[in-house]
Amino acid sequence: MPELGIASISAQEKLSFDLFRQQILNDYRIACISRETSLLGRKEVLTGKAKFGIFGDGKEVAQVAMARFFKNGDFRSGYYRDQTFAFAIGLASVEQYFAQLYSDPDINNDPFSAGRQMNAHFATPNTGENGEWADLVNIKNNIADLAPTAGQVPRSIGLGFASKLFRSNAALKQFSNLSDNGNEVCFTTIGDASTSEGHFWETVNAAGVLQIPLCIFVWDDGYGISVPKKFQTTKGSISDILQGFQKQDETNGLNIYKVRGWDYAGMCEAFEEGIRIAREQHIPCVFHVEEITQPQGHSTSGSHERYKTPERLEWEREFDGNKKMREWILANDLAAEDEISALETEAKKTVREGKNKAWEKFLAPIKNQVSRTVDLIQSMISSLPSKAGALQKISKDLSSNREPLRKDVMKTLKDAIDIAGENDAAYWTKDYYHDLLSESKSLYNSCLYNEGAKSALNVEEIKVQYDANAPLVNGYEILNKYFDQLFANNPKVIAFGEDVGYIGDVNQGFSGLQAKYGKDRIFDTGIRELTIMGQGIGLAFRGLRPIAEIQYIDYLLYGLQPLSDDAATLHFRTKGKQSCPLIVRTRGHRLEGIWHSGSPMGMVLSALRGMYVCVPRSMTQAAGMYNTLLKGNDPALMVECLNGYRLKEKLPSNLAAFTVPLGIPEIIKEGTDVTVVSYGSTLRIVQEAADTLDKLGISCEIVDVQTLLPFDIHHTILASLKKTNRIVFVDEDVPGGAAGYMFNKVMEEQGGYRFLDVAPRTITAKAHRPSYGSDGDYFSKPNAEEIETVIAEMMKE
Ligand SMILES: Cc1ncc(C[n+]2csc(CCOP(=O)(O)OP(=O)(O)O)c2C)c(N)n1
Ligand SMILES: [Mg+2]
């Protein structure tokens, strides 16, 4: 049994012994509440009231210790084991916890995700009702949890790094709702097995380089589902192999601590030290919390008796954290047996009551729907006696369902409507069915993007302007001048990535700007696309406006996971409570060879719903799109044309102000015979083909879609098609990629098929990656001659 060992805390916080004792008993009470929540939660799943459950049993003591050092303004980026921490910091009540377990779609009941996420996925709002940034300094912040293992880790770099910027950059001091001089620490939690992921290693390395207030807690229960540590971690110990990262006096690095998950006092001591140093000196740390147990195994989807030995199971019973903490309290005379027993009994009652309340609240609106449905069917029966039998049956089936769901109601209503056929008796039933369908959209399908004041789609259009003698300059110079003005005007904007700082990016967009605006604003990073994206997500979450670079779109794959799983889903999975206005800047489409000329736009479109995707044809259009995006709260991907940086463009006079609206295509050449839809670099090939076709008497109308997400919201393309009755979609993605997407949008969503005189076409790159060299490019990607041939054929049909 360790010594009491918390004298330092007591002295530091100047607590009387009694207060100190009360705090410990409160921690133990929370540990008991959390354990009971896990036990009852599992039962709810096994009896069918919830679909799936994953619980924090075994990690209680470590988390009440950790919670002692989490202050207002701090950030947690964790995973599904952290319920005890959530209870301890007052983030979640038992009732809210169960509401989420039941997938209650009422945001008042599950304030974290409105039933959109599994249990133990917590979140606190980072914006207010109108999308304004919340007062993050006075709350305990939680960025929404997510299930992909280690997915929570890369963004913690940005959450910690923001503190560094707020401390060092005087221009940011004015944002007192976002930071208190960079004193905020980010806690990130991860399971032992998930440290095998590259995410973890990239993050640890970046944190060591950057020196940020990041505290990583590894909950080491020895298993990742059934796979033991020896298959996960070299030497079976994450803290041992991290030793090379240990910070020394004259080096950067992290502080590495090894503690035992049942040793409350030992953990309090280590956490206090590591977190204090992180907060004060911005030195990151890793707490390897060993000897943690899983009393109920991994989740409700299996039993750990299948893969743990009897000896291991016996050890887990013996070293159960709650049991050990109880023994420690008794051994140190902090409470008597009956006081502890009373506390344990009370904890069980609290959980039972919370659970029951959550269930009643979850069921109440569904019960109302059931009774309304039954009433409607009963009145149909009186008007349709010939269908009484069938209607009575479905009505009875529904009313006898003891645990009905919304889908049972919908199915019954639809069945009733079908049974009635074309009959007025079903009028009110149909009406109610449609009401519920529209309610379900708000409950289950809303908030993919910001929908209100901070929607980029609501940004007012300001037209680009030119002086009479506007000079022609290179495309990259347009961007360079644009970024210069942007950085002068908006202190929240920062840009970073590989080669972005000192040389000002590989195409000189930021050339000279680091020297002008400082290394806090425009800077280089390591080659680590995954955590560059994470860094951007964390910074955006904290109210800054990061522009994070992926050098070429071919390397977006490395950074795609946090964008797809996290940035793109954050607003949706918190039902609008969290936003992440990250701009990912990249370039691509046209250079040479497999990894410098890809155009994986179909991949982007499938993976990044929830982000905007801009494909500007010129750097002027790009600048206008940046302006639009920076007024909204949603994340976006900007794909600049690699072959556009050295093309001449007229320099606008209102670079900092003009906006390009999203989802509005532009007709860049009018024509009468065929509508050619394209975007980005390919437009130049299309233009070349159109010029040749003009000479042959074939008139092409060229439409630049400008943004793929959103896509042509006012159906500009349909209007063009109505005029030409012929359409071809051209791009450099694989067949069926983004051209297929555009085809689907215009043909199905816009109903374009009704206006066709000839079969519509797509012209794309070949299915393989582009071959190297100019000829490789010519034969891999659509070329002007191919476009001319296809269009000439269409004219003959
Ligand atoms: C990327 C990814 N791969 C696999 C899974 C399935 N999965 C969920 S939890 C888990 C084990 C995680 O073990 P560990 O990190 O030790 O955390 P623990 O559950 O033990 O606390 C796995 C493989 C997942 N969620 N995400
Ligand atoms: Mg584990």
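The present account deals with the structure reproduced in this document. (Residues numbered from 1 in each chain as written. Chains lettered and ligands numbered in written order. Predicted model: local features only at pLDDT ≥ 70, side-chain atom pairs only at ≥ 80, totals over all residues. Heavy atoms only, no water.)

Inspection of the secondary structure puts Thr531 in helix α18 (residues 529-541). Assessed through its relative accessible area of 0%, Thr531 is described here as buried. In this structure the side chain of Thr531 is engaged in a polar contact, spanning 2.7 Å, whose partner is the side chain of Glu202. (Helix = DSSP H or I, 4+ residues; strand = E, 2+ residues; numbered from the N terminus. Buried < 20%, exposed > 50% of the residue type's maximum accessible area, 1.4 Å probe, protein only. Polar contact = N/O pair within 3.5 Å; in protein donor to acceptor, adjacent residues only side chain to side chain.)

Moving on, we come to the coordination of the magnesium ion (ligand 2). Donor atoms from the polypeptide that bind the magnesium ion (ligand 2) are Asp192 (OD), Asp221 (OD) and Tyr223 (O), placed at 2.0 to 2.1 Å. The sequence pattern describing where the donors of the magnesium ion (ligand 2) fall on their chain is D-x28-D-x1-Y. Note that Asp192 is positioned in the loop between β3 (186-191) and α7 (198-210) and Tyr223 in strand β5 (residues 223-224), a separation of 31 residues in sequence. Across the pair, exposure class does not vary: Asp192 and Tyr223 are buried alike. (Donors = N, O, S within 2.8 Å, 3.2 Å for Na, K, Ca; no water.)

In this sheet, strand β8 (residues 285-290) lies alongside strand β7 (residues 255-260) in parallel orientation, the contact comprising 6 bridges. In the strand pairing of β8, Asn255 is matched with Cys285. (Pairing = 2+ DSSP bridges.)

Phe271, Ile329, Phe483, Met601 and Leu708 are the most contacted members of the largest nonpolar core, which has 203 residues in total. For Ile329, the residues in contact, after removing those within four places along its chain, are Ile24, Leu25, Tyr28, Leu334, Ala335 and Ile340. The next biggest cluster of nonpolar side chains, apart from the first, holds 20 residues, and it includes Val686, Ile702, Val728 and Ile791. (Core = buried A, V, L, I, M, F, W, Y, C linked by side-chain atoms within 4.5 Å. Contact = heavy atoms within 4.5 Å.)

Right, let's get into unusual backbone geometry. Residue Leu709 is joined to Pro710 through a cis peptide bond whose omega torsion reads 0 degrees. In this model, Asn725 sits at a positive phi of 60 degrees, which is unusual for a non-glycine residue. The topology assignment puts Asn725 in the loop between α24 (716-724) and β21 (727-730).

We now examine the packing of aromatic side chains. Evaluation of the coordinates by the stated rule reveals 39 aromatic pairs. For the ring pair Phe75 and Phe541, a centre distance of 6.3 Å and an interplane angle of 85 degrees mean the geometry is edge-to-face. Of this pair, Phe75 sits in strand β1 (residues 75-77) while Phe541 sits in helix α18, placing them 466 residues apart in sequence. In terms of burial, Phe75 and Phe541 fall into one category: buried. A ring pair is formed by Phe98 and Tyr102, whose centres lie 6.2 Å apart and whose planes are at 40 degrees; its orientation type is tilted. There is no split in this pair, since Phe98 and Tyr102 are both buried. Its end group placed over the ring of Phe319, Lys324 keeps NZ or CZ at 4.5 Å from the ring centre. (Phe/Tyr/Trp six-rings, centres within 6.5 Å; stacked < 30°, edge-to-face > 60°. Lys NZ or Arg CZ within 6 Å of the ring centre and 35° of its normal.)

For the rest of this paragraph, the subject is the packing of helix α12 (residues 337-383) against helix α15 (residues 427-445). At a minimum axis separation of 9 Å, α12 and α15 run at an interaxial angle of 160 degrees. By the angle between their axes, α12 is roughly antiparallel relative to α15. Considering how the two elements wind past one another, α12 and α15 form a crossing that is left-handed. Residue-level inspection shows Gln369, Arg372, Thr373, Leu376 and Met380 of α12 in contact with α15, the latter providing Trp428, Thr429, Tyr432, Leu436 and Glu439. A per-class count over the contact of α12 with α15 returns 5 nonpolar, 3 polar and 2 charged. (Axes fitted to C-alpha atoms, helices over the stretch in contact; angles between N-to-C directions. Parallel < 35°, antiparallel > 145°, perpendicular 65-115°, else oblique. Left-handed = near helix turned anticlockwise from the far one by under 90°. Nonpolar A, V, L, I, M, F, W, Y, C, P; charged D, E, K, R; others polar.)

Turning next to the sheet that holds β1. One open sheet holds the 6 strands; their spatial order is β2-β1-β3-β4-β8-β7, and the pairing between them is parallel. Each having just a single partner strand, β2 (141-142) and β7 make up the two edges of the open sheet. As paired strands, β3 and strand β4 (residues 214-219) are joined by 6 bridges and run parallel to one another. Paired with Ile190 across the bridge in β4 is Val218. Here helix α3 (residues 60-67) sits on the sheet in contact with β3, β4 and β8, set at roughly 170 degrees to β4.

Turning to the layout of surface pockets, a few remarks are in order. Approximately 530 Å³ is the volume found for the largest pocket. If you trace the largest pocket, you find 22 residues lining it, with Lys51, Tyr102, Ser103, Phe362 and Leu405 closest to the centre. Elements with a minimum of two residues in the lining of the largest pocket: α5 (94-101), α12 and α14 (406-420). Ranked by residue count, the leading element in the lining of the largest pocket is α12, at 3 residues. When the residues that make up the lining of the largest pocket are grouped by side-chain class, the tally is 11 nonpolar, 6 polar and 5 charged. (1 Å grid on protein atoms, 1.4 Å probe; cavity = no way out; pocket = protein on both sides within 12 Å on 5 of 7 lines; lining within 4 Å. Points joined across faces, edges and corners; volume = space filled by probe spheres on them.)

With that out of the way, let us pick up a nonpolar patch on the surface. Residues Tyr502, Ile503 and Val506 make up a contiguous nonpolar surface patch of about 330 Å² in total accessible area. Within the secondary structure layout, Val506 lies in the loop between β10 (493-497) and α17 (513-517). (Patch = residues over 30% accessible without salt bridge, like charges linked within 9 Å, V, L, I, M, F, W, Y side chains within 5 Å. Areas by Shrake-Rupley, 256 points an atom, 1.4 Å probe, with all protein chains shown as cover. Salt bridge = Lys/Arg side-chain N within 4 Å of Asp/Glu carboxyl O.)

A few words now on empty space enclosed by the protein. If you walk through the whole model with that rule in mind, you get 1 cavity of 30 Å³ or more. Space inside the largest cavity adds up to approximately 40 Å³. In this structure, the largest cavity is lined by Arg42, Phe55, Asp57, Arg81, Gln296, Gly297, His298 and Ser299. Across the lining of the largest cavity, the residue classes tally to 1 nonpolar, 4 polar and 3 charged.

Let us now look at the sheet that holds strand β19 (residues 700-704). The mixed open sheet is built from 5 strands, whose spatial order is β17-β19-β18-β21-β22. Edge strands, defined here as strands with exactly one partner in the open sheet, are β17 (666-669) and β22 (761-763). Geometrically, the sheet is characterised by an average inter-axis angle of 30 degrees between neighbouring strands, direction not taken into account. Of the pairings in the sheet, the one linking strand β18 (residues 674-678) to β19 comprises 5 bridges and is parallel in character. The residue bridging Val674 from the neighbouring strand is Cys700, located in β19. Relative to β22, helix α27 (residues 784-796) is tilted by about 170 degrees, and along the sheet it contacts β18, β19, β21 and β22.

Once that is clear, we can look at the site of ligand 1. Residues in contact with ligand 1 amount to 17 residues; listed here are only the nearest, Tyr79, Tyr80, Arg81, Asp192 and Ser194. Here an oxygen atom of ligand 1 and a side-chain polar atom of Arg81 are 2.8 Å apart. Between ligand 1 and Thr149, the relevant distance is 3.0 Å, taken from a nitrogen atom to a main-chain nitrogen or oxygen of the residue. For ligand 1, the accessible surface in isolation is 580 Å², of which the surrounding protein chains cover 71%. Here the shell around ligand 1 is built from residues that sort into 7 nonpolar, 6 polar and 4 charged. (Near = heavy atom within 4 Å.)

This model, assessed by the stated rule, comprises 44 salt bridges. Ionic pairing is found between Asp18 and Arg21, a salt bridge with its closest N-O pair at 3.5 Å. Linking Asp18 with Arg21, this pair stays in helix α2 (residues 17-46), spanning 3 residues, or about one helical turn. According to the relative accessible area criterion, Asp18 is partly exposed, its value standing at 45%. Between Lys229 and Asp220 there is a salt bridge, with its nearest N and O atoms 2.9 Å apart. Linked through salt bridges whose partners overlap, the residues forming this network are Asp505, Glu549, Arg585, Arg587 and Glu640.

Spatial relationships are all this shows, so hold off on functional conclusions.
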